[in-house]
Amino acid sequence: MQHSFISKNPSVLVFLAILALFTLSVTLLSEGLGLGLISTSFVKTLGKTLCLCLIAVAMDLVWGFTGILSLGHFAFFGLGGYMIGMWLMYERTRLIVVQSLSQSEIPPTQSEVVDAIGNQIFGVVGSSEFPLVWIFADSLVLQLALVLLVPGILALVFGWLAFRSRVTGVYLSILTQAMTLALALYLFQNDSGLRGNNGLSGLQNLPGVSASQDAVSLWFLWASALALGLGYLLSAWIVSGKFGSAIRGIRDNEARVRFLGYSVVSYKLAIFTLTACIAAIAGALYYPQAGIINPAEMAPIASIYLAVWVAIGGRGRLYGAVIGAALVSLLSTWFTGGQAPDISLGFYTIKWVDWWLVLLGLSFVAVTLFAPKGIGGLVDYWTNRQTPDRHGADLGPDDGALREQEALK
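Nothing here was measured: the structure is a model prediction, and the numbers come from that model. (Residues numbered from 1 in each chain as written. Predicted model: local features only at pLDDT ≥ 70, side-chain atom pairs only at ≥ 80, totals over all residues. Heavy atoms only, no water.)

Can you help me understand the overall build of the protein chain in this one?
Each helix and strand in the protein chain was counted, giving 15 helices and 4 strands. What you see for the protein chain is a C-alpha radius of gyration of 24 Å, in line with the 22 Å of a compact globule of 409 residues. Seen through its C-alpha atoms, the protein chain measures out along the principal axes to roughly 90 × 55 × 50 Å. Burial analysis of the protein chain (409 residues in total) assigns 44% to the buried set. For the protein chain, the share of sequence-separated contacts (at least 6 apart) that also reach a separation of at least 24 residues comes to 72%. (Helix = DSSP H or I, 4+ residues; strand = E, 2+ residues; numbered from the N terminus. Rg over C-alpha atoms; globule rule 2.2 N^0.38 Å. Buried < 20%, exposed > 50% of the residue type's maximum accessible area, 1.4 Å probe, protein only. Contact = heavy atoms within 4.5 Å.)

What follows is the structure, encoded as structure tokens:
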């Protein structure tokens, strides 16, 4: 008897319902359209948190379900932010320049407008000419396409070289971290075309939009919630089918899956590229809410934090990745934002701004040692979701083959 995807995965409906209720509640309590109980700055924080949850879902797909510990997915996240940030900065500057030059008696030529835009954007790094990477910055459609194409192509090329060479385990993690570091160091240079250490700023101002930040913050919250909902739905659909069984097999015993005739390289390359695109979409929604992006956002430590979020939430559980990212992100904002009260011990005062990373590290170690299933394991316990007992008649020639009781379930 065939069952529908939703009937086999009721947790998906529960997640989507909770996400919709959360979004509606924040909207009604916000300053933009609601009661004003939630400030605009906190609405932006919640919107950014939803974006971090989306990249955590991507990380869980590639690590929790496929077994590829990528320490470079924040590079794809940052590239997505840069792609949309280029258009936002170009178009905002163009409107300012056109308005300024239109006040002169002689109408400006197109080349004069372009030169003025270049001077405004790149004057901070001592240049006025548009680098080649900005060739499509005047087109929103093309830049939106590049949000997916640039990280996707980078992941495809890197993954093909790494997986074809059968680089696995810690060596692959080191390679992904090296890729992220190399990209960050390149972007730090002024001649990279992306303003070096200054990065792209003023991204929170949407060109041609006269609405207040109260309303804009809600728009991005809705877009982030929609992206997370669709990303979660897509990921759940992937892992619940034959493709999901194959990548879990690769995670558990790659050599055996290869021996059975599956193209391991193709599966790993597909999931690596797909999750890179998901991470890029999350970044394209995150940085307009943050207002600025620079190469420091793509430092390797950011990808390590991402792995910590997924581990704390529960690797191999999509809802665990969301819980881990949301919890750690909001706690980080609370501790590092000076909202957590300092604790005086008499001889020493604990300032959480300084001790937050230590606390995060200890939490990661504690989860690894004492709760390897993470917070998601607690959810399994509360909902009585347990691994089927292996008893009954063997349904295969080998010990440990699928058993009758499991087959019935």
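Text resumes after the structure shown.
Explain the packing of helix 9 (residues 242–259) against helix 10 (residues 264–290) here, please?
For any two helices packed against each other, the geometry comes down to the angle between their axes and how far apart the axes lie. The interhelical angle for the contact between helix 9 and helix 10, taken along N-to-C directions, is 135°, at an axis separation of 10 Å. Put simply, helix 9 runs oblique to helix 10. Here helix 9 and helix 10 pass one another in a crossing that is left-handed. On helix 10, the residues touching Phe 243, Ala 246, Ile 247, Ile 250, Glu 254, Val 257 and Arg 258 of helix 9 are Val 264, Tyr 267, Lys 268, Ala 270 and Ile 271. Looking at side-chain class alone, the contact of helix 9 with helix 10 contains 9 nonpolar, no polar and 3 charged residues. (Axes fitted to C-alpha atoms, helices over the stretch in contact; angles between N-to-C directions. Parallel < 35°, antiparallel > 145°, perpendicular 65-115°, else oblique. Left-handed = near helix turned anticlockwise from the far one by under 90°. Nonpolar A, V, L, I, M, F, W, Y, C, P; charged D, E, K, R; others polar.)

Mind showing me how you'd approach helix 3 (residues 40–65) here?
The first and last C-alpha atoms of helix 3 sit 36 Å apart over 26 residues, in line with the 38 Å expected at 1.5 Å per residue. Its axis deflected by about 30° at Met 59, helix 3 carries its strongest bend there. Most of helix 3 sits inside the fold, with 23 of its 26 residues counted as buried. Of the residues one or two after helix 3, Gly 67 is the one with positive phi, at around 85°. (Expected span 1.5 Å × (residues − 1). Bend = angle between axes of the 7 residues up to and from the residue.)

For this particular structure, what's the right way to read the packing of helix 4 (residues 73–101) against helix 7 (residues 169–188)?
Close contact between helix 4 and helix 7 brings their axes to 10 Å; oriented N to C, the two are set at 30°. Residue-level inspection shows Ala 75, Phe 76, Leu 79 and Tyr 82 of helix 4 in contact with helix 7, the latter providing Met 179, Thr 180, Leu 183 and Leu 187. Here the contact of helix 4 with helix 7 is built from residues that sort into 7 nonpolar, 1 polar and no charged.

I would appreciate a short explanation of the side chain of Ser 70 in the present structure.
Here Ser 70 shows up in the loop between helix 3 and helix 4. Ser 70 gets classed as buried once you look at its relative accessible area, which sits at 1%. Among the polar contacts listed, one links the side chain of Ser 70 to the backbone nitrogen of Gly 72, at a separation of 3.3 Å. A polar contact is formed between the side chain of Ser 70 and the side chain of His 73, at a distance of 2.8 Å. In this view, Ser 70 contacts Met 59, Val 62, Thr 176 and Phe 272; residues no more than four positions away in its chain are not counted. (Polar contact = N/O pair within 3.5 Å; in protein donor to acceptor, adjacent residues only side chain to side chain.)

So what exactly am I meant to see when it comes to the packing of aromatic side chains here?
In this description, an aromatic ring pair is defined by two values, namely the gap between the centres and the angle between the planes. In this structure the tally under the stated criterion is 18 aromatic pairs. Note on Phe 76 and Phe 272: the rings are 6.0 Å apart at their centroids and 85° apart in plane angle, and the pair reads as edge-to-face. With Phe 76 in helix 4 and Phe 272 in helix 10, this residue pair connects regions lying 196 residues apart in the sequence. Like Phe 272, Phe 76 is buried. An aromatic cluster is built from Phe 74, Phe 77, Tyr 286, Tyr 287 and Trp 309, whose rings are joined through pairwise contacts. Against the face of Trp 160 rests Arg 164, its NZ or CZ located 4.3 Å from the ring centre. (Phe/Tyr/Trp six-rings, centres within 6.5 Å; stacked < 30°, edge-to-face > 60°. Lys NZ or Arg CZ within 6 Å of the ring centre and 35° of its normal.)

Any chance you could explain the layout of surface pockets here in plain terms?
If a probe the size of a water molecule is rolled over the atoms, the empty space left behind becomes visible. One number sums up the size of the second largest pocket: a volume of about 460 Å³. Contributing elements (two or more residues each) for the lining of the second largest pocket: helix 3, helix 11 (300–313), helix 12 (318–336) and helix 13 (352–370). If you tally residues by element for the lining of the second largest pocket, the top one is helix 12, at 5 residues. When its residues are assigned to classes, the lining of the second largest pocket shows 12 nonpolar, 6 polar and 2 charged. (1 Å grid on protein atoms, 1.4 Å probe; cavity = no way out; pocket = protein on both sides within 12 Å on 5 of 7 lines; lining within 4 Å. Points joined across faces, edges and corners; volume = space filled by probe spheres on them.)

What is the right way to read a nonpolar patch on the surface from this model?
Judged by side-chain polarity, Ile 343, Leu 345, Phe 347, Tyr 348, Trp 355, Val 358 and Leu 362 come together as a nonpolar surface patch covering roughly 710 Å² of accessible area. Of the residues forming the nonpolar patch, the biggest block, 3 residues, is contributed by helix 13. By the element assignment, Trp 355 lies in helix 13. By relative accessible area, which is 35% here, Trp 355 ends up partly exposed. (Patch = residues over 30% accessible without salt bridge, like charges linked within 9 Å, V, L, I, M, F, W, Y side chains within 5 Å. Areas by Shrake-Rupley, 256 points an atom, 1.4 Å probe, with all protein chains shown as cover. Salt bridge = Lys/Arg side-chain N within 4 Å of Asp/Glu carboxyl O.)

Would you mind showing me how to read the side chain of Asn 294 here?
One can find Asn 294 in the loop between strand 2 (292–293) and helix 11. Taking relative accessible area as the criterion, Asn 294 reaches 17% and is therefore assigned buried. Reaching out from Asn 294, the side chain makes a polar contact with the backbone nitrogen of Ala 296 at a distance of 3.0 Å. When near neighbours in sequence (up to four residues on either side) are disregarded, Asn 294 contacts Tyr 82, Asn 197, Asn 198 and Gly 199.

What's the story with helix 11 in this structure? I'm lost.
A turn of α-helix holds 3.6 residues, and therefore any two residues three or four places apart point the same way. Here helix 11 is 14 residues long and its end C-alpha atoms lie 21 Å apart, about the 20 Å a rise of 1.5 Å per residue gives. Of all 14 residues that make up helix 11, 11 are buried, and the element is covered over most of its length. Every buried residue of helix 11 is accounted for by Pro 300, Ala 302, Ser 303, Leu 306, Ala 307, Val 308, Trp 309, Val 310, Ala 311, Ile 312 and Gly 313. In the segment just after helix 11, Gly 314 is the residue with positive phi, at about 125°.

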